[in-house]
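# Structure assessment
Okay, here's what each chain looks like letter by letter:
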Amino acid sequence: MHTHIASLHFSHPLVQKQHPSMQILYLTALLLFAVTATVNSCLPSELSALQAFKSSLREPNVGLFNSWTGTDCCHNWFGVSCDQNTRRVADINLRAGTLYTTFEKAHRPGYMTGSISPEICKLTQISSITITDWKGISGEIPTCITSLSFLRIIDLAGNRFSGNIPTDIGKLLHLNRLSLADNLFSGGIPSSLISITSLTHLDIRNNRISGFIPPGFGKLQNLNQALLSGNQFHGPIPGSISQINRLSDLDLSQNQFTGPIPDSLGLMPSLGTLKLDTNKLSGMIPKTLFSSGISDLNLSHNMLEGNIPDFGSRAYFTSLDISYNNLKGVIPKSIASASYIGYMDLSHNHLCGPVPNAINYFDASSFEYNECLCGKPLNACKVNNN
């Protein structure tokens, strides 16, 4: 093609009148332009893949895809980043929630419909796919996405995606972050997920995912956050979770888990947040949870029974909620040993006896609807004259 263009222009009468050295300079400049145009173009297969990706989505408010013109997708295509050396597409980053606050203020919220085209799988060097909070993107995750072996981030939170998590998700051995929260996904957690030992962040909150947590979940040794709330999981909480030494945030709330709370959860070295509320858990509260490093503990709305465990000197709670259970007995005096309690709710149980002085500064709502709790901030305890 370059030879044809060069010969065409070289034979032009105006060019032929030039000195031979000028002809050479003209030809060199033309060739450099052609080479530069080629260098500044996307790989044709990737350009085609991005155009198909764009065609499968509709975004009427923000004009998100207005910049997706020309053949150089690595330059000023909004949300597209390329590797500087190979000029292959490395990232697609389209976030509605944080980037388009100006449109929200103008009552034109970021909103996109359509689906993800399977053509995205032709971006074979891509490492990050982030398409979040558009509220209207639907359909299933293309199954071929599991062939994108360089993927480190998949974040599709805040849309209307449905179907199952791809069965072969475990092929993505370099995946660090999987966030599918606030969608309509169903089915179970694929057993292959436990093969992704590089995973640090798993967020599948607020979907329709069901079944058991895979028994080998503890193999995810690098996991820092496991957020599974607002689904339809059932069965026991697997004790293998406690083998994840780096786990700092575990949220299994608003599911249908049954059985006891594993004692081993209170022995996890990094766990700071444990939310197990709104399940069908039974048995006693493990003593380990009240002498651990957990600072945000929510066990409310279950069927836990027995007494409140003693508080250890390590106990430091920014929030402690054990309301709406079947707990009985007195509030242990050892609660005075806790280093700090910022918020507490013991309401809707069967507790009895005086509220310890160490916590009587809390509002009465923290203690109401119990069997016979008394003392500040509730009614005074009756004096027994016998």
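Here, every reference points to the structure presented above.
## Structural notes on the packing of aromatic side chains
How two aromatic rings sit relative to each other is set out by the distance from centre to centre and by the angle between their planes. By the definition in use, this model includes ten aromatic pairs. Within the aromatic cluster, the residues linked to one another by ring pairs are Phe-53, Phe-65, Trp-68 and Trp-77.

## Observations concerning the sheet that holds strand E14 (residues 232-235)
Ordered by their spatial adjacency, eight strands build an open sheet running E12-E14-E16-E18-E20-E23-E26-E27, and the pairing between neighbours is parallel. Here the strands that pair on one side only, and so sit at the sheet edges, are strand E12 (210-211) and strand E27 (372-374). For E12 and E14, the ladder comprises two bridges, and the chain directions are parallel. Along E14, the bridge assignment pairs Gly-211 with Phe-233.

## A short note on the nonpolar core
One recurring pattern in soluble globular proteins: nonpolar side chains tend to sit buried together. Grouped together as the largest cluster of nonpolar side chains are 95 residues, with contacts concentrated most on Phe-53, Ile-154, Ile-241, Leu-289 and Phe-311. Contributing elements (two or more residues each) for this core: helix H4 (44-55), strand E2 (80-82), strand E3 (89-95) and strand E5 (128-132). Beyond its immediate chain neighbours, meaning those up to four positions away, Leu-289 contacts Ile-261, Leu-265, Gly-266, Leu-274, Ile-294, Leu-297, Leu-299 and Phe-317.

## Digging into the pattern of salt bridges
One pass over the full model with this rule turns up six salt bridges. We note a salt bridge from Arg-88 to Glu-46, for which the minimum N-O separation is 2.9 Å. Taken together, the residues span a long stretch of sequence, with Arg-88 in the loop between E2 and E3 and Glu-46 in helix H4 at a distance of 42 residues. Between Arg-87 and Asp-72 there is a salt bridge, with the nearest N and O atoms lying 2.7 Å from each other. Residue Arg-87 is found in the loop between E2 and E3, and its partner Asp-72 is found in the loop between strand E1 (57-58) and E2; the two are separated by 15 residues along the sequence.

## Topic: the state of the cysteines
In the structure shown here, the tally under the stated rule is five disulfides. Residue Cys-352 pairs covalently with Cys-372 via a disulfide, S to S 1.4 Å. Every disulfide takes its handedness from the sign of the S-S torsion; for Cys-352 and Cys-372 that torsion is -105°, giving left-handed. One end of the pair, Cys-352, is in strand E26 (residues 350-354); the other, Cys-372, is in strand E27, and 20 residues separate them in sequence. What links to what in the chain: the bonded cysteines, counted in sequence order, pair as 1-2, 3-4, 5-6, 7-8, 9-10.

## Digging into the sheet that holds strand E6 (residues 135-139)
Across the sheet, which stays open at both edges, the five strands sit in the order E1-E4-E6-E8-E10 with mixed pairing between neighbours. In the strand order of this sheet, the two ends are held by E1 and strand E10 (184-186), each with one partner. The pairing of E6 with strand E8 (residues 160-164) spans two bridges and is classified as parallel. Counterpart to Gly-139 in the pairing with E8 is Phe-161.

Criteria and cut-off values
- Residues numbered from 1 in each chain as written.
- Predicted model: local features only at pLDDT ≥ 70, side-chain atom pairs only at ≥ 80, totals over all residues.
- Heavy atoms only, no water.
- Phe/Tyr/Trp six-rings, centres within 6.5 Å; stacked < 30°, edge-to-face > 60°.
- Pairing = 2+ DSSP bridges.
- Helix = DSSP H or I, 4+ residues; strand = E, 2+ residues; numbered from the N terminus.
- Core = buried A, V, L, I, M, F, W, Y, C linked by side-chain atoms within 4.5 Å.
- Buried < 20%, exposed > 50% of the residue type's maximum accessible area, 1.4 Å probe, protein only.
- Contact = heavy atoms within 4.5 Å.
- Salt bridge = Lys/Arg side-chain N within 4 Å of Asp/Glu carboxyl O.
- Disulfide = S-S within 2.5 Å.

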